[in-house]
Amino acid sequence: MSEGSQQRHAYQSGEAVCWTLLCRIWQLQQPSEVCRYLRGLRNGHFTLYAQSTLVTCLREAAAAPYPPGATYCSRVCKAAMSAAEADLAEVEDELADLYMQTSTGAYAQALAQSAEGWCHKTFAYAASTGPTLDLRRSVGQSGLITLKLATNLFEGGTGCHEWEAGFFLAEFVLSHPDIFKGSSCLELGCGAGVVGVALCRSGAATVQLTDGNGAAVDNCKYNLEINNCIPPQRLCTTQLAGNHSQETQDVQVMQMQWESPCEVQPDLILAADVLYDPATIVPLVLLLRRFLCNADANRTCKPTAFIATTLRNEETLRQFLYEAEGSQLIVDDISAQAWQMDVKFQHYTALETQRNNIFLHKVVLCARARDL
């Protein structure tokens, strides 16, 4: 390899390391996980290179509109210094300085943007899995999604947390703009809104996001605002600045109980992690049948539902399939197709760990039921 080629390779390798580390910091991955990644760069040793790279990425993350927060940065710095000391290595001055800055003083206060019990996490997605891909600006099927999330599972309800099945479904939406562009879409259990952002960026004409929990609805509205999917403090038909779609879209977020659904006629219905409780199976099946039957006579395509599920209890999934068949719904497992999606979230280890345990089902009403 020529000297010039070696320099380019070293630069690209360094760029890939910084991007991977930045993604992990944006996601607020555990400090121990961040340090484990850095150790792996140099045969298990926490070198000065690892420390300087960490400082660079923490400072860049701190300059973002929704930074990771002083407490998190301080914890990462402390874990990194402990790792270096465990290796009997020198602690870099910049790392020690950053630890002090994020622990006390004006710098720490400037990073403390989220209310207590809440945080902002940013997730990068791309059509290419190339390690040197930089997605700081959204281009094509690449971009960033920032979500305000509760740090405590009991704060704001389960809908204010990130769940892997929701990100899996968002990947499916982002991978198939041909399915969702120009369509009327309804999401059941929208949670923090990652699927809603994906629908907006894939060009859906109408996006109606529903959840039974009022706190989740309010948080979802906020997350759509910060991702430029709706104007701040109001919902209306709008040109979506910052989204890939240049079409006018109608975006709504509303509270809805499955027992008293709103009157809509969606082309596509989406839901993630709605099969965790056996008590909700029958209401969900009845709701799907209602929306799939309530089709616009002028519609050229058959209404379809896509349901992503992290398999926690096989009996619950079997119950859903049984009730769906009894309600004349056709359920196809398209997980194998979904596992090969083009667009994926970058360096999201929680999703990668669960990916093969997440299933995607396509649901339609059988022709015989439509004729009744």
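Calculation notes
- Residues numbered from 1 in each chain as written.
- Predicted model: local features only at pLDDT ≥ 70, side-chain atom pairs only at ≥ 80, totals over all residues.
- Heavy atoms only, no water.
- Phe/Tyr/Trp six-rings, centres within 6.5 Å; stacked < 30°, edge-to-face > 60°.
- Helix = DSSP H or I, 4+ residues; strand = E, 2+ residues; numbered from the N terminus.
- Buried < 20%, exposed > 50% of the residue type's maximum accessible area, 1.4 Å probe, protein only.
- Lys NZ or Arg CZ within 6 Å of the ring centre and 35° of its normal.
- Pairing = 2+ DSSP bridges.
- Contact = heavy atoms within 4.5 Å.
- Polar contact = N/O pair within 3.5 Å; in protein donor to acceptor, adjacent residues only side chain to side chain.
- Salt bridge = Lys/Arg side-chain N within 4 Å of Asp/Glu carboxyl O.
- Core = buried A, V, L, I, M, F, W, Y, C linked by side-chain atoms within 4.5 Å.
- Patch = residues over 30% accessible without salt bridge, like charges linked within 9 Å, V, L, I, M, F, W, Y side chains within 5 Å.
- Areas by Shrake-Rupley, 256 points an atom, 1.4 Å probe, with all protein chains shown as cover.
- Lys, Arg positive; Asp, Glu negative; His and termini not counted.
- Charge placed at Lys NZ, Arg CZ, Asp CG, Glu CD.
- Axes fitted to C-alpha atoms, helices over the stretch in contact; angles between N-to-C directions.
- Parallel < 35°, antiparallel > 145°, perpendicular 65-115°, else oblique.
- Left-handed = near helix turned anticlockwise from the far one by under 90°.
- Nonpolar A, V, L, I, M, F, W, Y, C, P; charged D, E, K, R; others polar.

## Some thoughts on the packing of aromatic side chains
As enumerated under the stated definition, the model contains 10 aromatic pairs in all. Ring centres of Phe-172 and Phe-306 lie 5.1 Å apart, and the angle between their planes is 50°; this geometry places the pair in the tilted category. Residue Phe-172 is located in helix 7 (residues 164-175), and its partner Phe-306 is located in strand 8 (residues 304-310); the two are separated by 134 residues in the primary sequence. One exposure class covers both Phe-172 and Phe-306, and it is buried. Measuring from centroid to centroid gives 6.0 Å for Phe-180 and Phe-306, while their planes differ by 55°, and the two rings are tilted. Of this pair, Phe-180 sits in helix 8 (residues 177-180) while Phe-306 sits in strand 8, and the two are 126 residues apart along the sequence. Residue Phe-306 is classed as buried on the basis of its relative accessible area of 5%. An aromatic cluster is defined as three or more aromatic residues linked by ring pairs; in this entry it consists of Phe-123, Tyr-125, Phe-167, Phe-345 and Tyr-348. Above the face of the Trp-118 ring, Lys-148 is positioned so that its terminal group lies 4.8 Å from the ring centre. One cation-aromatic arrangement involves Lys-148 over Tyr-222; the distance from NZ or CZ to the ring centre is 5.2 Å.

## A look at the sheet that holds strand 10 (residues 344-345)
A sheet is described by the order of its strands in space; here 3 strands give the open sequence 2-1-10, paired in antiparallel fashion. Across the chains shown, the open sheet's two edge strands, defined by having one partner strand only, are strand 2 (143-150) and strand 10. Pairing of strand 1 (residues 118-126) with strand 10, which is carried by 2 bridges, proceeds in the antiparallel orientation. Residue Ala-126 lies in a different strand from strand 10, and its bridge partner there is Lys-344.

## Describing the environment of Lys-121
Checked against the element boundaries, Lys-121 lands in strand 1. Look at Lys-121 and you get buried, because its relative accessible area is 14%. Along the primary structure Lys-121 and Arg-24 are separated by 97 residues, whereas in three dimensions their C-alpha atoms are 9.8 Å apart. Beyond its immediate stretch of four places on either side in the chain, Lys-121 contacts Trp-26, Gln-27, Leu-28, Ile-145, Thr-146, Leu-147, Leu-149 and Glu-162. A polar side-chain atom of Lys-121 sits 2.6 Å from a polar atom in the side chain of Glu-162.

## Looking at the pattern of salt bridges
Counting across every chain of the model gives 9 salt bridges. Notably, a salt bridge pairs Arg-355 with Glu-352, separated by 2.7 Å at the nearest N-O pair. On the basis of relative accessibility, which here comes to 5%, the residue Arg-355 falls in the buried class. Salt bridges sharing common partners tie together Glu-171, Glu-352 and Arg-355.

## Side note on the pairing of strand 2
Strand 2 sits mainly inside the fold: 7 of its 8 residues count as buried. Where strand 1 lies against strand 2, 8 bridges are found, and the strand directions are antiparallel. From the neighbouring strand, Tyr-125 faces strand 2, where its bridge partner is Gly-143.

## Concerning the nonpolar core
Among the nonpolar cores identified, the biggest contains 80 residues, and Leu-54, Leu-169, Phe-180, Leu-199, Leu-224, Phe-345 and Leu-360 are the most heavily contacted of them. For Leu-360, the residues in contact, after removing those within four places along its chain, are Phe-168, Leu-169, Phe-172, Phe-306, Ile-307, Ala-308, Asp-332, Asp-333, Ile-334, Ser-335 and Ala-338. Membership of the second largest hydrophobic core comes to 26 residues, among which are Val-274, Ile-307, Leu-311 and Leu-365.

## Structural notes on the environment of His-361
Mapped onto the secondary structure, His-361 falls in strand 11 (residues 358-365). Counting along the chain gives 30 residues from His-361 to Val-331, while the straight-line C-alpha distance between them is 6.3 Å. Non-local contacts of His-361, meaning those with residues more than four positions away in its chain, are made with Ala-305, Phe-306, Ile-307, Leu-317, Val-331, Asp-332 and Asp-333.

## Remarks on the pairing of strand 1
With 9 of 9 residues buried, strand 1 lies mostly within the body of the structure. Of the two faces of strand 1, the one carrying Trp-118, His-120, Thr-122, Ala-124 and Ala-126 and the one carrying Cys-119, Lys-121, Phe-123 and Tyr-125 are both buried.

## Things to note about a negative patch on the surface
Residues Glu-90, Asp-93, Glu-94 and Asp-97 make up a contiguous surface patch of negative charge. Tracing the chain through its elements places Asp-97 in helix 5 (residues 93-103). Under the relative-accessibility criterion, Asp-97 is labelled partly exposed at 42%.

## So, the packing of helix 4 (residues 70-86) against helix 5
How two helices pack is summed up by the angle between their axes together with the distance between the axes. Between helix 4 and helix 5, the shortest axis-to-axis distance is 8 Å and the interhelical angle comes to 150°. When the axis of helix 4 is compared with that of helix 5, the two are roughly antiparallel. By crossing handedness, the relation of helix 4 to helix 5 is classed as left-handed. On the side of helix 4, the interface is formed by Ala-70, Cys-73, Ser-74, Cys-77, Lys-78, Ala-80 and Met-81, while helix 5 contributes Leu-95, Ala-96, Leu-98, Tyr-99, Thr-102 and Ser-103. Taken together, the residues that form the contact of helix 4 with helix 5 break down as 9 nonpolar, 3 polar and 1 charged.

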